[in-house]
Each structure stands twice: as structure tokens, then as C-alpha cells.
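These are the residues of each chain, in order.
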Amino acid sequence: MSKKNAEYDFKWCPGCGDFGVRRALEFSMVDRLEETGLPMENNVVIAGIGCSGNLVHLLEGPQPYGFHGIHGRSLPIAMGVKMARPELNVVVVAGDGDFLSIGAEHIGPQASRNLNVCAVIMDNGVYGLTKGQSSPTTALGVITSSTPFGKLESEINPLELYLTLGVSFIASGFSSQPRPLASLITQGMEHPGFSIVHVQSPCTAYNDTYESLKGNAKKGIQPALWSIPDEHDPGDRAAAHELLQQGGIPLGVIYQDSDRLSLDQQVEKTWAKAGAKSVQELMGAFEF
Amino acid sequence: MDMRDFVVRFAGEGGQGVVTSAEGLAQVSTQVGYHALTFATFPSQILGGPTWTQVRICVDPVFSPGDDVDVLVAFNQEAYDTHKDEVRENGVVIFNADEFDLQGDPRALGLPVDELARSTGNNRAANMVIIGALAHLVDMPQNYLDEFVTKRFSRGRAGDDEIIRSNIMAIGLGREHMAASGFSLGSLEDPVMPDYAQLMLKGNEALALGALAGGLEFYVGYPISPATTILLYMERNLVGEGKFAYQVSSEIESITALLGAGFAGKKAMTATAGPGFSLMSEGIGLGWIAEIPVVIVDVQRGGPATGLPTKTEQSDLMACMFPAHGDVRIPIIAVGSVEECFYGAIKAFNWSERYQGPVVLMTEMALAERAQNIPKPDLSKVQVQGRQVYQGTNGYRRYAGHELSPMPIPGNPGAYVANGSEHDDMGDTTHLPERHVQMTERRFGKLKLLEEDDYEVDKPEESIVLMTWGGSKGPALEAYNQLKEQGVPVGWRYTMFLNPLPPKLLEELKQKELVIVPELNYQGQFASILRSQGVKAEAITQYTGLPFKVRHLVEEVTRMTESRLKETVGV
Ligand SMILES: Cc1ncc(C[n+]2csc(CCOP(=O)(O)OP(=O)(O)O)c2C)c(N)n1
Ligand code: SF4
Ligand SMILES: [Mg+2]
């Protein structure tokens, strides 16, 4: 049940990181509304399947359009919306399982195309909605409901993957910092190309990582999260790569290439070359 | 002897001129008023490989490629060996004497095609030598050919006159050689020049044009035979402001991108064949539950998995009508001729807008690659249905009630969530039983909006009916005309609307003793669907990868009709 809808029957668990991500996205969309004067309906939120994707039903305040599709396919759905109507602001919200496991095949092609959408990925290192199975970001050896003797394969580093695939804007955020996270999402939405804001969004039910992310001085646990220093130049690909070799999880903008045209810009550029013919003219080619 | 039609099969190696000769013959003939249909098969290899194309020339409109070959044009020995048995009694074989030698076949005439072409000063006139020889065989007037060549090569270029001269000379040489051989098939009756404009095009081209006429704005696809030509056509022609045509990286991307575009307000289409269609399964279900208009074209080929990529079959009907889990029944339009490819595509878009959901347009390899002359469509008579757009303010309940409701378009008031999970009236997920009941009934109820009135009918009083579907329409219709002439008591029904069937047609079929359904699959898929709707249907099946022969259908229908009549008398 949500405030706006008595029939809606899904709730996030107390402490779930996704609350903070929702807050951040609301901030970004409202900021955008105030800055551009475009109505909230100019935003379209494409949701993956998972606890994370349910965000699309839980947004408060003025409502954007939403599309809650099928598991793993939020990127190509977003592509359809964006290429149909490039003037819309298209945002993807999905989990680590949705985006990096079943949907992984779609990241590379969208990176090559430089599709102008912003993907906000809620990484909790686990499949939340299906109750705690291992995900691509679950570490080697970890015991989950689907890895009773420990996970057999190594975890991936999503940020390195995005950089390798050529995603043109890569940022890393934390769900407990909605304002800084909102700033990253806003930069991602404003970036003219494919942007991914990868968010550490802990699952209190199956993989509570708050302590390891934030650290605990009393227990001698060092925080995994660290802020990217101001000197880092996101336009420098080698520097971005180096940043990701330093261990832990850097927070901030890791990489941005603003020089590439996005897919819709490429299409617009080639229109000039292609002369559109009417159906009548096209039929003429077959007339005898 | 007067002839009303004749059939030529050109066979050889890819690149030997098989296709250009066949197309040339079809062009000559249609230009002077005959009707022509070409049927091509492709080698599975990229370069070379055995290939053949069959051309049927007819005084009347043609429906099928023809059972018997009157003339075989063999470009090499292998082609002769493969196809010689298909040449009818008293038929003729023309072989390329520059390529190989043939002894001991009294029907065969060797033409030194390349040498004769060279002697005209134009090496590329080889196919005209063959056309000249064929023209003599059926006594086609010389002036037809001269006119054709003059018209074809008058392109306002410096060399036109020379090319016209050499081509006319090549035709003359072919003619002389054939005359000297003494072979003749008879005299093809004079054509009746149609008094309307015509197009000569392939099924996939007609389908692509129809889609554009139906308002297509967004096309994505992934290459796959025999659907690729539609993708290529769109990438060249679906351009300009607000249009998009693009090769994506899989059929999963195709269907989901399509749904995004349909949701965003565009008329969107993709075309694929069996393997790609299977990958779209989950996405098509999403379109059904989220109520998004899109058109999916399935150009059928043969077999499961990779199957027979370059052969024809009608074996995807069940997969197309029930592509997804969880209670779906997708509207199906199955086209049966090149002309129907055009009009069926328009109808598919109209249907998808009318009921707001996915529509599958079924065609098949034998139609996709068949070139045929059709009356030029009159675009002013084409009815195109647009989106029913929500025009109100926010707070709209997109999925309220049991009836279709206008669609809000992103960017405008009426924000909602298009949801692939079961949902309430604003599109939010819910698992309440009463909602699932309402939404399920709503989705199935909308199919009523697609019920059409008209269908083909002949001899309505007969209690035994021949009713095929899709590309088997051609051979079945020819078979029916012969059966009618022979007085076999059987009636005719046909529609391209397979789901939902026109209700009046279904009512009629239910009254019949027997409905005979020729179809190119093992299981008798359409017959089975008809039976599930209370029709006494029995299939005639074939699964060779090739179309039906008319003769086979005449025999089968006669046999089934007789045995049914015997049974009835026995009772
Ligand atoms: C095709 C398909 N396979 C499997 C599922 C079941 N399923 C639903 S959500 C999910 C995993 C969700 O994990 P994640 O994307 O990390 O989201 P989270 O719940 O952790 O936010 C799975 C496997 C499905 N809905 N569809
Ligand atoms: S299971 Fe985990 S991810 Fe899902 S709502 Fe609960 S805490 Fe959040
Ligand atoms: Mg997860």
C-alpha cells in the first residue's frame, strides 16, 4: 500500500536502501521541473523487475510516466521510448540482477549507441525480490540461499565493466546520501548520452552491507566507500581506470565523455542526407 | 494449340543469370498485358550454389507458381539433372551449350547463349537470347519484345540506341535458333491489357509499402531470412522527421524497443522469422497485458530452431496465436497473396490501434520472395486508423473498466504506469483477485473490436467446404476452380483474419459437415484451432518445405469429399 494508492500491495522492508534512491530521484525530477519548466509528465521512468524496480509505483508528489516491463529489458524499452520521442527525459531504475545478469546483454549495445538515457542501478549484491539468491555483485564464497556452500564464481566490478563497454557517463553513489545522489542523477540526466549512476543500496533483509560500506570504528572496520577527490578529471579515461584500481567503492563522477553524439543526435544528423519519399513515390518504383 | 499459360523454370548456379532471365521474362510479359508470378528458391550458400526461379505467364491473373514445367532452361549439367523430371510430357529443355553438352534427350535444344550474345556486340544480352527462344516456343509476337526492349532501355543515355539494337538482335537470334529446331509448345493467347495501373513487386516489398501506407513510424529488426529485406527497405525509406528504422542487437531488443515506441505514441513494427519470433515470446505477452499497440510480422520458414531458413512452411500459427504464458490469444492476420501483403499490413496497424495491443501479421517465405503483378493500390481509398489519445487532465485511470480506454501519451497529462505485472486501474501492481478478473476479461473482451464482416465465399450452400489459410491460398484457389468445373460438391471460404475469425464465417463453418484445410505443417494447426471452436475441420498437410501442387490438392479434396459422401449415404 502506498499513500497514493490503497490497492498497491508491495512494501520495501524497513531500512531498505531503495527508499533513499527514490528520494534522490524525486529530488532530481522536481529540480528538473523547476529548472526547465517542463511538466513532470515529460519524464518517463522505465523499471526493471525486482524490489528496486517497484520504485516506479512508490514515487510521491507529481507523477512521471512509468513503464514496468519484464525482467532485464528496461534498457531496450527505454531505447524504444527515447528514439520514438527524443524530447522526453528517460530514466531506467533497476537492480543488480536485472541490469547485470539477465539484462547484461543490453549494456554494451546501448553504450556503443550512446543512447541518451540515464540508468539508476540499485546494487544490493543480491536478488531481493526472489528472496536472497546470489547476484553478479555477490562476492566469491558468500553463502546465500542459492549458494549454500558459498558462491562459486567471482563478483564483477560493474564500474569497470561500464568503463570497458564505453558508457559515456559513469557515476557511483550511496542510497543513504539522497542529496549528493540526486546531484549525480541530475548530471546523468543532463549528460547527452548513455549515463549510469550505480548506487550502493543495501538490502536489510538479505545482504545488510551498511556496516561494511560506512565502516565501524569501534569494530575496526574501515569504510568501503570513499569520496573521489576534487582533483579527479572525469574526462580522463586513464585516470578513471586508475581510480577503479584503488579498491573500495569510490563515490562521485568517475568518467564522462561529453564529445560523443548520442544516438538521437546521430539520427538527426543523417536525416539531412536521407530524402524521405512519400508512399506514392515509393510505389512508383514498382510501377510498369 | 492455344495456351492460356505457360511455366518456365530457370535453373543453374547463383550468378549465372537465373534471376535476371526470369525477371526479364516476367517484365516482358506483364508489360504487354499478361499476368506473371515468379517463385524463387535460394541456395543456402552465399556465392554460387544451385538455384532456380520459376516464372508462370498467364492470360488470367495467376495464383500459384504452377505444377508442371513447360520449359526448363538449364544453365549447367547439375541443373539439368536435378530438374529434368519436372518437365512435363512434350515439354522443352533449353540448355546453355556454351557450358555443357547434352546427348540423348529428344526434348533438348542447346543454345550457345554466350556466343550468340557476344555476336551482338553486347555480352550482357545473353538473357535476351533465351527470352527470344522462349517467345518463339509460345508464338509471342516479335513486336511485344521489341517494344519492351525499347521502353526498358530508353533511359536518356548516350548508349541507349546501341543497347536497344543489340538486345533486339539477341532476341532475334534466340528466336531463329528455336525456329530452326522445330520445337513449339503452341500459341499463347493474346493478353488482355488491364485498364488499371499495376505494380510488379515481391511480397515483402508489398508488405513494407503497406506498413508505410498504414502509418508506420518506428521500425526495428534483427537480420533473419526471409524477413531481412523488410528491415533493409525500412532503413532506406523510413527516414525523415519523427521516423526511425534501425537494426538492433537481438529480437529481444526488437520487441521490447517496439513496446517502448508504441507506449510513446508511435506506430511501430518489426519483422522476423521463427527463431526471432520465439525470442519475442515474453515481450509479446507484455504488450498484451500492458495494452500497447505494436505489429509483429512473422515471415515463416520451415522447422523448429534454425530449421529450414530458405524454405517455406506454415508451421508458426500456434506459436503466433499463443506466443506467451498466462492466458493470451494474439490477433492474427495471415496474408495469402502479394496484394494481401499490402492490405494486410494496413489492417494489422488498424487492428493494433483499434484494440490497443500486439497484432501478428503472418506471411511466409513463398510469398516474401514471390514477385507478381498487382493492381496499383489507390491510396485515397485506404482507411488508416489512428491512436485513440487521451486528451484530459491528470488523475486519469488508464485501465479502468472492461472497455478500451484512450491512451495517454508521455509528455502530456494522464501519467500512468504501463505495467507488465497485473495492475489496478492506474497501472500499479496488485494481486487482488477481483482485479485479475477485471483485467483478464478486459483484455479478452477487446478482441471483439476486431471482428470483421467480409470474407471470401463461393457456393455457400455446399456442406463440404475448402478453406485454406495464408500462402496456400494460391494453389487451393486454383484447385477449387478445377473442382468446381469437375462438379465436385465443395464450397469455398477464405479470410486473412484468423483470430478473431469473422463471426458470421465461424457460424457458417460450424454448420458444415466437413471443412477441408490445406496447410503446410505436420499437425494441421489451423484445422485444430477450428475444431477447438466447434468446426468439423480436417487438414491436408504437407511438410516438404515447398508449396502445395494444385494437382495434389484436387486429388485430396476429391478423395475426402467422396469418402465423406459415401459415409453420409451409408448412414
Ligand atoms: C524472465 C524472468 N526470470 C526470473 C524472474 C524472477 N525474478 C524477479 S526479480 C528477480 C531478481 C531481482 O534481483 P535484482 O534485479 O537485483 O532486484 P532486487 O530485488 O534485488 O532489487 C528475479 C530473478 C522474472 N521475473 N522473470
Ligand atoms: S528484500 Fe531487500 S531489497 Fe527487497 S525490499 Fe527488503 S530490504 Fe529492500
Ligand atoms: Mg539486487
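If you're wondering where the values come from, they're calculated on a predicted model, not measured in any experiment.

What's the story with the overall build of chain B in this structure? I'm lost.
Secondary structure summary: chain B contains 19 helices and 23 strands in total. Overall, the C-alpha framework of chain B stretches about 85 × 70 × 45 Å when taken along its three principal axes. Burial analysis of chain B (571 residues in total) assigns 62% to the buried set. Considering only residue pairs separated by 6 or more positions, chain B has 71% of its internal contacts joining residues 24 or more positions apart. Carbon together with sulfur atoms contributes 51% to the accessible area of chain B, which is approximately 21,200 Å² in total. The distance from the centre of the 49 positive side-chain charges to the centre of the 73 negative ones in chain B is 4 Å.

Sorry if this is basic, but what is going on with the coordination of the magnesium ion (ligand 3) here?
Taken together, the protein donors to the magnesium ion (ligand 3) comprise A:D96 (OD), A:N124 (OD1) and A:V126 (O), at separations of 2.1 to 2.2 Å. Note on A:N124: relative accessible area 12%, which makes it buried.

Please clarify how the interface of chain A and chain B should be interpreted in this entry.
How big an interface is tends to be stated in terms of accessible area lost as the parts join. Each partner contributes residues to the interface: chain A has 48 residues there, and chain B has 68 residues. Interface area, chain A with chain B, both sides summed: about 4,800 Å², of which 63% is carbon and sulfur. Interface area lost by chain A to chain B is led by A:Y65, A:F286 and A:F288, which between them contribute 18%. Remark: the boundary between chain A and chain B carries three salt bridges. At the level of secondary structure, the elements contributing two or more residues to the side of chain A that touches chain B comprise α2 (55-58), β2 (65-68), α3 (74-84), α5 (107-113), α10 (263-271) and α11 (279-284) of chain A. Examining the composition of the side of chain A that touches chain B, we find that seven residues originate from one element, α3(A), more than from any other. Each residue belonging to the side of chain A that touches chain B can be placed in one class, and the counts come to 26 nonpolar, 13 polar and nine charged. Pairing analysis gives three bridges linking β2(A) to strand β17 (residues 417-419) of chain B, with the strands arranged parallel. The residue bridging A:H68 from the neighbouring strand is B:N419, located in β17(B).

In this structure, what is going on with helix α7 (residues 178-190) of chain A? I would like to understand it.
Each α-helix turn comprises 3.6 residues. Residues three or four places apart therefore point the same way. All names here are of chain A. For α7, built from 13 residues, the straight-helix expectation of 18 Å at 1.5 Å per residue is met to within 8% by its first-to-last C-alpha distance of 18 Å. All of the buried residues along α7 are L181, A182, L184, I185, T186, G188 and M189. For α7, the elements touching its buried residues are α1 (18-36), β3 (89-95), β4 (118-123), β7 (169-174), β8 (195-200) and β10 (249-256).

Please clarify how the confidence of the model for chain B should be interpreted in this entry.
Low-confidence regions, as indicated by low pLDDT, have predicted coordinates that should not be scrutinised in detail. Put simply, chain B has an average pLDDT of 94, and 99% of its residues get 70 or more. Overall fold confidence for the complex sits at a pTM of 0.96, while the interface term, ipTM, reaches 0.97.

Whenever I open this one, the sheet that holds strand β7 (residues 108-111) of chain B confuses me. Can you help?
All names here are of chain B. Ordered by their spatial adjacency, eight strands build an open sheet running β7-β6-β5-β2-β4-β3-β16-β9, and the pairing between neighbours is mixed. Two strands close off the open sheet at either side, each with one partner strand: β7 and β9 (198-202). For this sheet, the mean inter-axis angle between neighbouring strands, taken without regard to orientation, is 20 degrees. Inspection of the sheet shows strand β3 (residues 35-41) paired to strand β4 (residues 50-58) by seven bridges, in the antiparallel sense. Its bridge partner lying in β4, F39 is registered against Q54.

Would you mind showing me how to read the sheet that holds strand β22 (residues 514-519) of chain B here?
Hydrogen bonds between backbone atoms are what pair the strands of a sheet, whose relative direction is either parallel or antiparallel. Residues and elements named next belong to chain B. Reading across the sheet, the five strands line up as β18-β20-β19-β22-β23 and stay open at both edges, with mixed pairing between neighbours. A single partner strand is all that each edge strand has here, and the edge strands are β18 (456-458) and β23 (537-541). Between one strand axis and the next, the sheet turns by 25 degrees as a mean value, whatever way the strands run. Two elements, β18 and strand β20 (residues 491-494), share three bridges in a ladder whose sense is antiparallel. Directly across from V457, in β20, lies its bridge partner R493. Here helix α16 (residues 473-485) sits on the sheet in contact with β18, β19 (464-466) and β20, set at roughly 160 degrees to β20.

Would you take a moment to explain the nonpolar core for this structure?
Nonpolar side chains in soluble globular proteins tend to be buried together. Residues A:F99, A:Y162, A:F194, B:Y219, B:M234 and B:M269 are the most contacted members of the largest nonpolar core, which totals 166 residues. In terms of residues, this core owes the most to one element, helix α13 (residues 338-355) of chain B, which gives nine residues. Residues lining this core come from more than one domain, with at least three contributed by each of domain 2 (200-381) and domain 3 (456-569) of chain B. Residues B:L111, B:A135, B:L145 and B:L188 belong to the second largest nonpolar core, which totals 52 residues.

Could you clarify how one ought to interpret the pattern of salt bridges in this entry?
A side chain with one charge can pair with a side chain of the opposite charge if their charged atoms come near. All chains considered together, the criterion is met by 41 salt bridges over all chains. Here B:R435 and A:E7 are joined by a salt bridge, their closest N and O atoms 2.7 Å apart. Taken together, the positions of B:R435 in helix α15 (residues 433-445) and A:E7 in the segment before α1 put the pair across two chains. With its nearest N and O atoms 3.1 Å apart, the salt bridge here joins B:D105 to B:R107. Residue classification places B:D105 among the buried positions, given a relative accessible area of 14%.

Procedures and definitions
Residues numbered from 1 in each chain as written. Chains lettered and ligands numbered in written order. Predicted model: local features only at pLDDT ≥ 70, side-chain atom pairs only at ≥ 80, totals over all residues. Heavy atoms only, no water. Helix = DSSP H or I, 4+ residues; strand = E, 2+ residues; numbered from the N terminus. Buried < 20%, exposed > 50% of the residue type's maximum accessible area, 1.4 Å probe, protein only. Contact = heavy atoms within 4.5 Å. Areas by Shrake-Rupley, 256 points an atom, 1.4 Å probe, with all protein chains shown as cover. Lys, Arg positive; Asp, Glu negative; His and termini not counted. Charge placed at Lys NZ, Arg CZ, Asp CG, Glu CD. Donors = N, O, S within 2.8 Å, 3.2 Å for Na, K, Ca; no water. Buried area = accessible area lost by both parts, 1.4 Å probe. Salt bridge = Lys/Arg side-chain N within 4 Å of Asp/Glu carboxyl O. Nonpolar A, V, L, I, M, F, W, Y, C, P; charged D, E, K, R; others polar. Pairing = 2+ DSSP bridges. Expected span 1.5 Å × (residues − 1). pLDDT = per-residue confidence, 0-100. Axes fitted to C-alpha atoms, helices over the stretch in contact; angles between N-to-C directions. Core = buried A, V, L, I, M, F, W, Y, C linked by side-chain atoms within 4.5 Å. Domains from an automatic or database assignment.

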